[in-house]
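A structural walkthrough
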Amino acid sequence: MHGRVKVRTTAEQDEIKRKERAEKVKLYKAGMSLAFDMREKGDKNEKGLAVSAKLLAPNPDIYTLWNIRREIILHLKTLKSDDEFSQVMEDELRLTEICLKNQPKSYGTWHHRCWVLDNMTNPPWKTELALCDKYLSYDERNFHCWDYRRFVVKRSGVSAEEELKFTDDKIAENFSNYSAWHLRSNLLPQVYPDPNGLKPIEDNQHKHELELVASAAFTDPYDQSAWFYQRWLLGRHTPELRITHVIATKKVVCLSFNRSVSPTSPDIMVKAYGENAWKTVDGEISSYVWKRTFADATSVSEVAKVPVELVVGGDVRQSASLAVDGEQACYWEQPVFEASFSPGVTEVLRNVLDSCQTLLELEPDTKWPLLTSVSLMQAIDRKKYKAEVLKYLDLLAKIDHLRTNYYSDLKSRCIMEHQLEEWNVGNDFCLVNTALTALYHSQYLLPARRVDLRQNSLTRSLPRLASLQFCQVLILDENNLQNLEGFPSLPNLQTLSVKKNQLCLPENIEPYITLCSALTNVYIDDNPLSATHEYCNGGFVKIPK
């Protein structure tokens, strides 16, 4: 037994740890009590800084203690000379470094360091950039440090060109650095803006970025960072705000936009016949469709004499002249969803698509090449690749089943865009049995008189029907509707068909009759009806007026 080290039992070790934790808790409670007592008494001095520093070093996430320190420091600023106060701030920087060693992702610590630098006379910005480099070398995905670096770059005046070179280095070190790709996407439009304002960045740099990210993506097909960046490069640029449709009668004028806009926006104004305020048709603060009613119009031709003007920032950006068509005056623009790329960029896109196809031949169920192929096909030629895009989206819904609804909505958007591009405004709008789960771009249906959306699954899209302000016949048969919650006010709707759904009538019909003042006919299944309805053969309900 002599000369052997005594090994403590598990019970003894647990008891020692319990006593150590109890002692730490005791000291922590005593320190917190002292810090709060001093704050309550108004003791703002170095002792208060020392007390909070001991508590923060091992546990920097106590926000209140950082607030107490800032209160003390601002008080000391009025008592100390400039040199003495500079020393206090230097001590704060050292304290935050100690805290960051224990907890590199402490919100409170990074925030306090920003506050210290903002209150220093001559902040050491180069040192702070070096600090960012150090912590990003430890963990390249420490988003707290990335946020702090953006703060330092902005305050110190580092150019966007220099930061772009920094992302070059970080991406070269590791293609999987998502934060570096994200920062790059923010910097490129500043350094290489598209002179025509049609794309995020200018053409030559766009080609370079596509080639760069293609190398990264195919180095590791299962890493999502580069694929995300590539989808950003292929994304659609936010279009210039435009009025796409205007329909006016002698009582009302409705207009739709290509983006959701608030009528109360101080920078955006629409001038048209009448002086009443614009309102959104769905009652939301911002909407794709506005309307205005007026009582002083004598005829449609009188309303059409006044062009509709879109004023942005005080400048007239668009002037739409209305053409009289029977009892309405109209203006409309054909929607365009096609991406616009130069021949050089398109050639790069074709090469990337070929690489994706080669990869899919080797691994046909790889998510990111499939999803990127969808974006590439839509960017190169949407009409040519329509069938392939829909096929790939169906495949993605199967292999990435946790995001099935996402792919179903993407497919719905694609189908809707193709249909709108082919639709003649004077005809009925029909999308029957196309597996729609969402109703995208519904603002373009403003002029539609008859809309047939049977045999889909539009349970989440009833509020989007608010754009159908001039629709007279709406067919929603076989859409898995369990209720009509969110059904909008459609003043011109005369006939509504909701057959072969899962509605519990009449409770789910009656509340919406008042929303549609012109509604006279509702087609339903054979269900018990209230005395307010007149039942006819075939599930037809006539609503007495």
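Residues numbered from 1 in each chain as written. Predicted model: local features only at pLDDT ≥ 70, side-chain atom pairs only at ≥ 80, totals over all residues. Heavy atoms only, no water.

Notes on the overall build of the protein
If you tally the helices and strands in the protein, you get 17 helices and 16 strands. Relative to the compact-globule value of 24 Å for 545 residues, the protein shows a C-alpha radius of gyration of 32 Å, a clear excess of over 25%. Overall size of the protein, expressed as C-alpha extent along the three principal axes, is 100 × 65 × 60 Å. Summed over its atoms, the accessible surface of the protein is roughly 28600 Å², and 50% of this surface lies on carbon and sulfur atoms. Here the protein holds 67 positive side-chain charges and 73 negative ones, and the gap between their average locations is 4 Å. (Helix = DSSP H or I, 4+ residues; strand = E, 2+ residues; numbered from the N terminus. Rg over C-alpha atoms; globule rule 2.2 N^0.38 Å. Areas by Shrake-Rupley, 256 points an atom, 1.4 Å probe, with all protein chains shown as cover. Lys, Arg positive; Asp, Glu negative; His and termini not counted. Charge placed at Lys NZ, Arg CZ, Asp CG, Glu CD.)

Focus on the side chain of Thr495
Mapped onto the secondary structure, Thr495 falls in strand β13 (residues 495-497). Setting aside residues up to four positions removed in sequence, Thr495 forms contacts with Gln472, Val473, Leu474, Leu519, Asn521 and Tyr523. (Contact = heavy atoms within 4.5 Å.)

Comments concerning helix α2 (residues 46-56)
Every α-helical turn comprises 3.6 residues, leaving residues that sit three or four positions apart pointing alike. Within α2, burial applies to Gly48, Leu49, Val51, Ser52, Leu55 and Leu56. The buried residues of α2 occupy an angular sector of 165° when projected down its axis, which confines them to one face. Counted as exposed and oriented over 90 degrees from the buried face of α2: Lys47 and Lys54. Considering only its buried residues, α2 is in contact with α1 (10-41), α3 (63-77) and α4 (82-102). The opening residue of α2 is Asn45, an N-cap whose side-chain oxygen sits 3.1 Å from the backbone nitrogen of Lys47. (Buried < 20%, exposed > 50% of the residue type's maximum accessible area, 1.4 Å probe, protein only. Arc of directions from axis to C-beta. Polar contact = N/O pair within 3.5 Å; in protein donor to acceptor, adjacent residues only side chain to side chain.)

Describing the sheet that holds strand β8 (residues 323-325)
Pairing is antiparallel in the open sheet, where six strands are placed in the order β4-β5-β2-β1-β9-β8. On the outer flanks of this sheet lie β4 (279-280) and β8, each paired with one strand and no other. In this sheet, strand β9 (residues 328-332) lies alongside strand β1 (residues 243-248) in antiparallel orientation, the contact comprising four bridges. Of the residues in β9, the one forming a bridge with Ile247 is Cys330. (Pairing = 2+ DSSP bridges.)

Looking at empty space enclosed by the protein
This model, assessed by the stated rule, comprises five cavities of 30 Å³ or more. The calculated volume of the largest cavity comes to roughly 70 Å³. Along the walls of the largest cavity sit Ala35, Met38, Arg39, Asp43, Lys44, Gly48, Val51, Ile68, Glu71 and Ile72, which together make up its complete lining. Going through the elements one at a time, α1, α2 and α3 are the ones with two or more residues in the lining of the largest cavity. Looking at side-chain class alone, the lining of the largest cavity contains five nonpolar, one polar and four charged residues. (1 Å grid on protein atoms, 1.4 Å probe; cavity = no way out; pocket = protein on both sides within 12 Å on 5 of 7 lines; lining within 4 Å. Points joined across faces, edges and corners; volume = space filled by probe spheres on them. Nonpolar A, V, L, I, M, F, W, Y, C, P; charged D, E, K, R; others polar.)

A short note on the confidence of the model for the protein
Of all residues in the protein, 92% have pLDDT values of 70 or greater, and the mean over the chain is 87. Model confidence for the protein, summarised as mean pLDDT per element, is weakest for strand β15 (residues 534-536) at 46 and strongest for strand β11 (residues 450-452) at 97. In this model residues 527-532 is a low-confidence stretch, pLDDT under 50, and it forms eleven contacts with partners more than four residues away in sequence or in other chains. Segment residues 535-540 is flagged for pLDDT under 50; beyond a separation of four residues in sequence, or across chains, it makes 13 contacts in the model. (pLDDT = per-residue confidence, 0-100.)

As for the pairing of strand β5 (residues 287-293)
Pairing analysis gives six bridges linking strand β2 (residues 252-261) to β5, with the strands arranged antiparallel. Note that in β5 the partner of Val252 across the bridge is Thr293. Of the pairings in the sheet, the one linking β4 to β5 comprises two bridges and is antiparallel in character. Looking across to β5, one finds that Lys279 is bridged to Lys291.

A short note on the packing of aromatic side chains
For the coordinates displayed, the defined rule picks out 16 aromatic pairs. On the numbers, 6.1 Å between centres and 65° between planes, the contact of Trp125 with Phe151 is edge-to-face. One end of the pair, Trp125, is in helix α6 (residues 125-138); the other, Phe151, is in helix α7 (residues 143-156), with 26 residues separating them in the sequence. Just as Trp125 is buried, Phe151 falls in that class too. Aromatic rings pair up to connect Trp110, Trp125, Tyr135, Tyr138, Tyr148 and Phe151 into one cluster. Positioned above the aromatic ring of Phe166 is the side chain of Arg149, whose terminal nitrogen or guanidinium carbon lies 3.5 Å from the ring centre. Over the face of the ring belonging to Tyr440 we find Arg464, whose NZ or CZ atom lies 5.6 Å from the ring centre. (Phe/Tyr/Trp six-rings, centres within 6.5 Å; stacked < 30°, edge-to-face > 60°. Lys NZ or Arg CZ within 6 Å of the ring centre and 35° of its normal.)

Looking at the packing of α1 against α2
Following both chains from N to C, one finds α1 and α2 inclined at 150°, their axes separated by 10 Å at the closest point. One finds that α1 runs roughly antiparallel with respect to α2. Seen from above, α1 lies across α2 with left-handed handedness. Listed contacts from α2 to Tyr28, Gly31, Met32, Leu34, Ala35 and Met38 of α1 are Lys47, Gly48, Val51 and Leu55. Of the residues in the contact of α1 with α2, the class split is seven nonpolar, two polar and one charged. (Axes fitted to C-alpha atoms, helices over the stretch in contact; angles between N-to-C directions. Parallel < 35°, antiparallel > 145°, perpendicular 65-115°, else oblique. Left-handed = near helix turned anticlockwise from the far one by under 90°.)

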